[in-house]
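# Analysis of the macromolecular model
One letter stands for each residue in the lines below.
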Amino acid sequence: YGVDEENKMAYFQAAKETAIRKHVYSVDWKGKQKQLSKKEGTNSANFSNTFDYYVLNHSTANTPPTYAIYDRKGKLVRELADNQRVADLQKEHGTSPVEFMEITTSENVKLNAWMIKPADFKENRQYPVFMYLYGGPGSQQVTDAWKGQNYWWFQMLAQKGFIVACVDNRGTGARGEEFKKVTYQQLGHYETIDQIEAAKYLGNLPYTDKNRIGIFGWSYGIYVLRVVVLV
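In what follows, the accompanying structure is described. Computed from a prediction, not measured in an experiment: that's the story for all the values here.

## Section: the sheet that holds strand β8 (residues 76-81)
Taken together, 4 strands build an open sheet; the order of strands is β5-β6-β7-β8 and the sheet is antiparallel. The sheet is open, and its two borders are formed by β5 (42-47) and β8, each paired with just one other strand. Shown here is a sheet whose adjacent strand axes are inclined to one another by a mean of 25°, direction ignored. Bridge analysis of β5 against strand β6 (residues 53-59) gives 6 bridges, and the strand direction is antiparallel. Looking at β6, one finds that Asn43 is bridged to His58.

## Here's the deal with the sheet that holds strand β10 (residues 110-116)
A sheet is described by the order of its strands in space; here 5 strands give the open sequence β9-β10-β12-β11-β13, paired in mixed fashion. On the outer flanks of this sheet lie β9 (98-104) and β13 (208-217), each paired with one strand and no other. Geometrically, the sheet is characterised by an average inter-axis angle of 30° between neighbouring strands, direction not taken into account. Across 4 bridges, β10 lies against strand β12 (residues 163-167) in antiparallel orientation. Paired with Trp114 across the strands is Cys166, a residue of β12. Lying on the sheet, helix α2 (residues 149-159) is in contact with β10, β11 (127-133), β12 and β13; it crosses β11 at an angle near 165°.

## Section: the side chain of Asp168
Tracing the backbone through its elements, the reader meets Asp168 in the loop between β12 and α3 (177-181). Among buried charged residues, Asp168 stands out as having no salt bridge; its nearest opposite-charge side chain is Arg175, 7.3 Å away. A distance of 3.1 Å separates a polar atom in the side chain of Asp168 from the backbone nitrogen of Gln141. Within the local environment of Asp168, its side chain forms a polar contact with the backbone nitrogen of Val142, the two atoms lying 3.0 Å apart. Filtering out sequence-adjacent residues up to four positions away, Asp168 remains in contact with Leu111, Asn112, Gln140, Gln141, Val142 and Phe179.

## A look at the nonpolar core
Core analysis: the largest hydrophobic core is formed by 18 residues, its most contacted members being Met115, Val129, Met131, Ile163, Val167 and Leu202. Secondary structure elements with two or more residues in this core: β10, β11, β12 and α4 (189-203). Excluding residues that lie within four positions of it along the chain, Val167 makes contacts with Ile103, Leu111, Asn112, Ala113, Tyr132, Val142, Gln195 and Ala198.

## So, the packing of helix α1 (residues 84-93) against α2
Where α1 meets α2, the closest approach of the two axes is 12 Å, and the angle between their N-to-C directions is 10°. Relative to α2, α1 is oriented roughly parallel. Listed contacts from α2 to Val86, Leu89, Gln90 and His93 of α1 are Tyr151, Trp152 and Gln159. In terms of residue class, the contact of α1 with α2 is made up of 4 nonpolar, 3 polar and no charged.

## Section: the pairing of β9
Direction of pairing for β9 relative to β10: antiparallel, over a ladder of 7 bridges. Following the sheet pairing, Met101 is matched in β10 by Ala113. Counting the residues in the hairpin turn of β9 and β10 gives 5 residues, including Asn108, whose phi is positive at 65°.

Rules and cut-offs
- Residues numbered from 1 in each chain as written.
- Predicted model: local features only at pLDDT ≥ 70, side-chain atom pairs only at ≥ 80, totals over all residues.
- Heavy atoms only, no water.
- Pairing = 2+ DSSP bridges.
- Helix = DSSP H or I, 4+ residues; strand = E, 2+ residues; numbered from the N terminus.
- Axes fitted to C-alpha atoms, helices over the stretch in contact; angles between N-to-C directions.
- Contact = heavy atoms within 4.5 Å.
- Buried < 20%, exposed > 50% of the residue type's maximum accessible area, 1.4 Å probe, protein only.
- Lys, Arg positive; Asp, Glu negative; His and termini not counted.
- Salt bridge = Lys/Arg side-chain N within 4 Å of Asp/Glu carboxyl O.
- Polar contact = N/O pair within 3.5 Å; in protein donor to acceptor, adjacent residues only side chain to side chain.
- Core = buried A, V, L, I, M, F, W, Y, C linked by side-chain atoms within 4.5 Å.
- Parallel < 35°, antiparallel > 145°, perpendicular 65-115°, else oblique.
- Nonpolar A, V, L, I, M, F, W, Y, C, P; charged D, E, K, R; others polar.

Written as C-alpha cells, this is what we have:
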C-alpha cells in the first residue's frame, strides 16, 4: 500500500495463512511484521498520505463490507459504514451460507471452491448444479469476501433449487508462483482440465444430478468455456 519513510514502515496486504483470506500488515525496516486487521475474511486498506490514518474494509463471503477509520497505532477512530441494512436483508430473504471446500483432481492438484446449497437442502435429493467461472491469470473468485451483486444472483438460483458452485483453476492467484505460472504460454490448457475435473467431482456427489450441470463464464471464463465439455 505504501512506504512511510519517516517512520521506517511499509504497509501491504497478503494471503499468508490461506489463499482465500487476506489481511493488512505493516513491516518495519528490520523486518518485524504486525497484522493490522483482526477479523477473519478479506481485509483491505486505504492510507492517508502521511500514513497517520487508514480506512479498513472488511467482509466475508457471508457478511457485507464494513468500513472504519483507524490511526497508526491501530486504535479505532470512527465507524463509517456497517451495512446493517444488507445484513437485515439476508435474514429477511433467508439466504444460504457460502461454504468453502477443496477439490483434489486426478492429477492430485488441490483446487479451492465454494458452494451455495438451496435453503431446503436435503442430502437424499439430487439437485442441478450451476457452475460460475472466471479463472483468468492471477485472478480469484474463491475468496472469503463479499461478492456484491453476484451474491444476490447466486442466492436467487439457490432458492430456485440449484446448487451454485465456483472453482479456482490453476493459473489463479494467491497460491504461489508455480500454481500461477503453470499456464504460461499455454493459456486455456490447464484451466480447462481443472474445470472439467471439478464438474465431474461435483456431478459425483450424492446430492447432485450429473446430467444437469451447467457452467457460466464471463470474459476469460468464456475463453475457457470454448473447449469445456461436461461429461
